[in-house]
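# Overview (structure and organization)
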Amino acid sequence: MVIITDATEADLGQIFEIETESFDDPYPYSLLRAYLFLANKLYLVAKEGEKIIGYIIGIIQYGYRGHIVSIAVEPAYRKKGIGTKLLSEIEERFKLNGAKYSYLEVNINNLPAISFYRENGYLIMYMRRNYYGRGKHAFVMIKNLYYKFLD
Ligand SMILES: CC(C)(COP(=O)(O)OP(=O)(O)OC[C@H]1O[C@@H](n2cnc3c(N)ncnc32)[C@H](O)[C@@H]1OP(=O)(O)O)[C@@H](O)C(=O)NCCC(=O)NCCS
């Protein structure tokens, strides 16, 4: 059974492993640790037993918008709905904190992640050129958390 719960200091080793397996340019351990203090109650892990299989970090900006700082699922556990569970939980917490929308940056070449976010209701709003370094552009993707449209 997979549960989503708050990250703790004891989880950092496994979170860092997932991070290094998931990104060419991973966040350093020290930054992943600093977010434990910066992202109070918005730093979540997916756990199967004692094993960490994914994590997400969010932050509330200006009291009205949620920023997805990072999300990653261990490669062997992808495409099983774990990323969606992490994202849904953080969006609920964003809403409880008064966020009207959630947004993120994603590398324009990261097609799996773009599909993942689209599947979860995010739309590409615009491109931020050189966001990840020279020639490495990002899409900014946004999801409205405020209005509930009728089907
Ligand atoms: C992006 C990521 C977090 C998705 O996690 P996940 O647990 O695999 O996602 P889910 O299983 O919840 O996927 C939900 C839907 O997203 C889409 N999706 C997910 N991975 C996809 C892929 N590789 N290719 C195409 N669509 C994909 C699918 O529509 C999927 O539904 P389906 O399995 O019924 O087809 C994961 O691929 C990952 O860790 N990637 C590396 C880190 C990364 O790029 N993070 C984002 C940085 S901005």
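Analysis parameters
- Residues numbered from 1 in each chain as written.
- Predicted model: local features only at pLDDT ≥ 70, side-chain atom pairs only at ≥ 80, totals over all residues.
- Heavy atoms only, no water.
- 1 Å grid on protein atoms, 1.4 Å probe; cavity = no way out; pocket = protein on both sides within 12 Å on 5 of 7 lines; lining within 4 Å.
- Points joined across faces, edges and corners; volume = space filled by probe spheres on them.
- Helix = DSSP H or I, 4+ residues; strand = E, 2+ residues; numbered from the N terminus.
- Nonpolar A, V, L, I, M, F, W, Y, C, P; charged D, E, K, R; others polar.
- Axes fitted to C-alpha atoms, helices over the stretch in contact; angles between N-to-C directions.
- Parallel < 35°, antiparallel > 145°, perpendicular 65-115°, else oblique.
- Left-handed = near helix turned anticlockwise from the far one by under 90°.
- Contact = heavy atoms within 4.5 Å.
- Near = heavy atom within 4 Å.
- Polar contact = N/O pair within 3.5 Å; in protein donor to acceptor, adjacent residues only side chain to side chain.
- Areas by Shrake-Rupley, 256 points an atom, 1.4 Å probe, with all protein chains shown as cover.
- Sits in = over half its atoms within 2 Å of the grid points.
- UniProt positions renumbered as here; feature names shortened; annotations may be inferred.
- Phe/Tyr/Trp six-rings, centres within 6.5 Å; stacked < 30°, edge-to-face > 60°.
- Buried < 20%, exposed > 50% of the residue type's maximum accessible area, 1.4 Å probe, protein only.

Here we take up the layout of surface pockets. If you add up the space inside the largest pocket, you get close to 1300 Å³. Taken together, 38 residues form the lining of the largest pocket, with Ser22, Phe23, Ile71, Asn110 and Ala113 sitting closest to its centre. Elements that contribute at least two residues to the lining of the largest pocket include exactly helix H1 (12-22), strand E4 (65-73), helix H3 (82-96), strand E5 (101-107) and helix H4 (111-119). Considering each element in turn, the lining of the largest pocket owes the most residues, seven residues, to E4. Across the lining of the largest pocket, the residue classes tally to 19 nonpolar, eleven polar and eight charged.

Two quantities define a packed helix pair, namely the angle between the axes and the distance from one axis to the other. Taken N-terminus to C-terminus, the directions of H1 and helix H2 (residues 29-38) make an angle of 125°; their axes are 10 Å apart at the nearest point. Here H2 runs oblique to H1, going by the angle between their axes. In the crossing of H1 with H2, the sense of the turn from one axis to the other is right-handed. Where H1 abuts H2, its residues Leu12, Gly13, Ile15, Phe16 and Glu19 lie against Tyr29, Leu32, Arg33 and Leu36. Looking at side-chain class alone, the contact of H1 with H2 contains six nonpolar, one polar and two charged residues.

Taken together, 21 residues surround the ligand, and among them Lys79, Gly81, Gly83, Thr84 and Asn110 come closest. Contact between the ligand and Arg78: an oxygen atom at 3.3 Å from a side-chain N or O atom of the residue. Measuring from an oxygen atom of the ligand, one finds a backbone N or O atom of Gly83 at 2.8 Å. Computed on the free molecule, the ligand has an accessible area of 910 Å², of which 76% lies beneath the protein chains in the complex. Taken atom by atom, the bulk of the ligand overlaps the largest pocket. Mapped by element, the contributors of at least two residues to the shell around the ligand are E4, H3, E5 and H4.

UniProt annotation of "domain: N-acetyltransferase" (unreviewed entry) refers to residues 2-146 when read in the numbering used here. Structurally, residues 2-146 comprises 31% helix and 35% strand, and the distance from its first C-alpha atom to its last is 28 Å.

This structure, assessed with the given rule, holds eight aromatic pairs. Here the aromatic rings of Phe16 and Tyr29 are separated by 5.7 Å at their centres, their planes lie at 85°, and the arrangement is edge-to-face. Here the residue Phe16 occupies a position in helix H1, and Tyr29 occupies one in helix H2, the gap between them amounting to 13 residues. Taking relative accessible area as the criterion, Phe16 reaches 27% and is therefore assigned partly exposed. On the basis of an interplanar angle of 50° and a centroid distance of 6.3 Å, the ring pair of Tyr101 and Tyr103 is categorised as tilted. A connected cluster of aromatic rings, assembled from ring pairs, spans Tyr62, Tyr64, Tyr101 and Tyr103.

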